[in-house]
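Close look at the chain arrangement
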Amino acid sequence: MSKFARPLVLVIAIAALAGGAMTAQDRTKKSTDKKDVKGTVEYYEAGDGWRWKVTNGTKTIGMATKGYTKKEDAIKAIEDVKAILNAVKPTEGKATKKAKDKE
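All chains use their own residue numbering, which begins from 1 and follows the written sequence. Where local features are concerned, this predicted model is filtered to residues with pLDDT of at least 70; where side-chain atom pairs are given and counted, the filter is 80 or more; whole-chain, interface and lining totals use all residues. As a rule here, side-chain values cover all heavy atoms of the structure and leave hydrogens and water aside.

1. Considerations on the overall build of the chain
Each helix and strand in the chain was counted, giving three helices and three strands. Counting from the amino terminus, the chain carries its helices and strands in the arrangement α-β-β-β-α-α. Note on classification: 1.4 Å probe, protein chains only; a residue is buried when its accessible area is under 20% of the maximum for its type, exposed when over 50%, partly exposed between these limits. Evaluated residue by residue, the chain yields a buried proportion of 12% over its 103 residues. For the chain, contacts bridging at least 24 residues in sequence account for 14% of all contacts bridging at least 6. Accessible surface computed for the chain: about 9400 Å², of which carbon and sulfur atoms make up 59%. A run of DSSP states H or I qualifies as a helix once it reaches four residues; a run of E qualifies as a strand once it reaches two. Both are numbered from the N-terminal end. Pairs of residues are marked as contacts when any of their non-hydrogen atoms sit within 4.5 Å. For every accessible area listed, the method is Shrake-Rupley and the probe measures 1.4 Å; residues are considered covered only by the protein chains on display.

2. Quick notes on the layout of surface pockets
Put simply, the largest pocket is a space of about 520 Å³. Put simply, the grid is 1 Å and covers the protein atoms alone, a cavity is a trapped set of points that fit a 1.4 Å probe, a pocket is an open set with protein on both sides within 12 Å along at least five of seven lines, and lining residues have an atom within 4 Å of a point. Taken together, 17 residues line the largest pocket, and the ones lying closest to its centre are Val 37, Val 41, Val 54, Ile 61 and Leu 85. If you list the elements that add at least two residues to the lining of the largest pocket, you get strand E1 (40-46), strand E2 (49-55), strand E3 (60-63) and helix H2 (71-87). When its residues are assigned to classes, the lining of the largest pocket shows eight nonpolar, five polar and four charged. Grid points are joined across faces, edges and corners, and a volume is the space filled by probe spheres set on the points. Amino acid classes used here: Ala, Val, Leu, Ile, Met, Phe, Trp, Tyr, Cys and Pro are nonpolar; Asp, Glu, Lys and Arg are charged; the rest, including Gly, are polar.

3. Observations concerning the environment of Met 63
Within the secondary structure, Met 63 is located in strand E3. On a C-alpha basis, the gap between Met 63 and Tyr 43 in space is 9.5 Å, while along the polypeptide they are 20 residues apart. Non-local contacts of Met 63, meaning those with residues more than four positions away in its chain, are made with Trp 52 and Lys 53.

4. Here's the deal with H2
One fewer than the residue count of a helix, multiplied by 1.5 Å, yields its expected span. The end-to-end C-alpha distance of H2 is 25 Å, a good match for the 24 Å that 17 residues give at a rise of 1.5 Å each. Buried within H2 are the following residues: Ala 74, Ala 77 and Ile 78. Projected down its long axis, H2 carries its buried residues within an arc of 100°, all on one side. Turned more than 90 degrees off the buried face of H2, the exposed positions are Glu 72, Lys 76, Asn 86 and Ala 87. In this structure, the buried residues of H2 make contact with E1 and E2. Here, the arc refers to the directions that run from the helix axis to the C-beta atoms.

5. Overview of the packing of aromatic side chains
Pairing of aromatic side chains here covers Phe, Tyr and the six-membered ring of Trp, requires ring centres within 6.5 Å, and sorts the geometry by plane angle: under 30 degrees stacked, over 60 edge-to-face, intermediate tilted. This structure, assessed with the given rule, holds one aromatic pair. Looking at Lys 53, its charged tip hangs above the ring of Tyr 44, at a distance of 5.7 Å from the centre. Here, over-ring charges are defined by two tests on the NZ atom of lysine or the CZ atom of arginine: distance to the ring centre within 6 Å, and angle to the ring normal within 35 degrees.

6. Description of the pattern of salt bridges
One side-chain nitrogen of Lys or Arg within 4 Å of one carboxyl oxygen of Asp or Glu is enough to make a salt bridge. Per the counting criterion, the structure on display carries four salt bridges. Between Lys 53 and Glu 42 there is a salt bridge whose closest N-O contact spans 3.9 Å. Taken together, the residues span a long stretch of sequence, with Lys 53 in strand E2 and Glu 42 in strand E1 at a distance of eleven residues. Relative accessible area serves as the criterion here: at 25%, Lys 53 is assigned to the partly exposed category. Among the ionic pairs, Lys 76 bridges to Asp 80, the shortest N-O distance being 2.9 Å. Placement of the pair is Lys 76 and Asp 80 together in helix H2, with a separation of four residues, close to one helical turn.

This is how it looks when you write it as structure tokens:
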């Protein structure tokens, strides 16, 4: 090998090893960050169309506010909610009129 090729091969090998180590760390971090969550996400046909709900095993903790004409639209709404919850942190909204009246 030429004297220039050896250092180049060495640098590539080190980069490959470092990349593999970072990937393993990322996988470990992700698996320990998640809670052991139990519950269900269901879609079902109701009187006003297709709806969805999220349960924690004992009670409903989220649900569609309207019925969808197509089952696929209800499933898309579930995917949209999942994407939003995974992408952003919750923020505090403005108080409702009822809450302001209590003050």
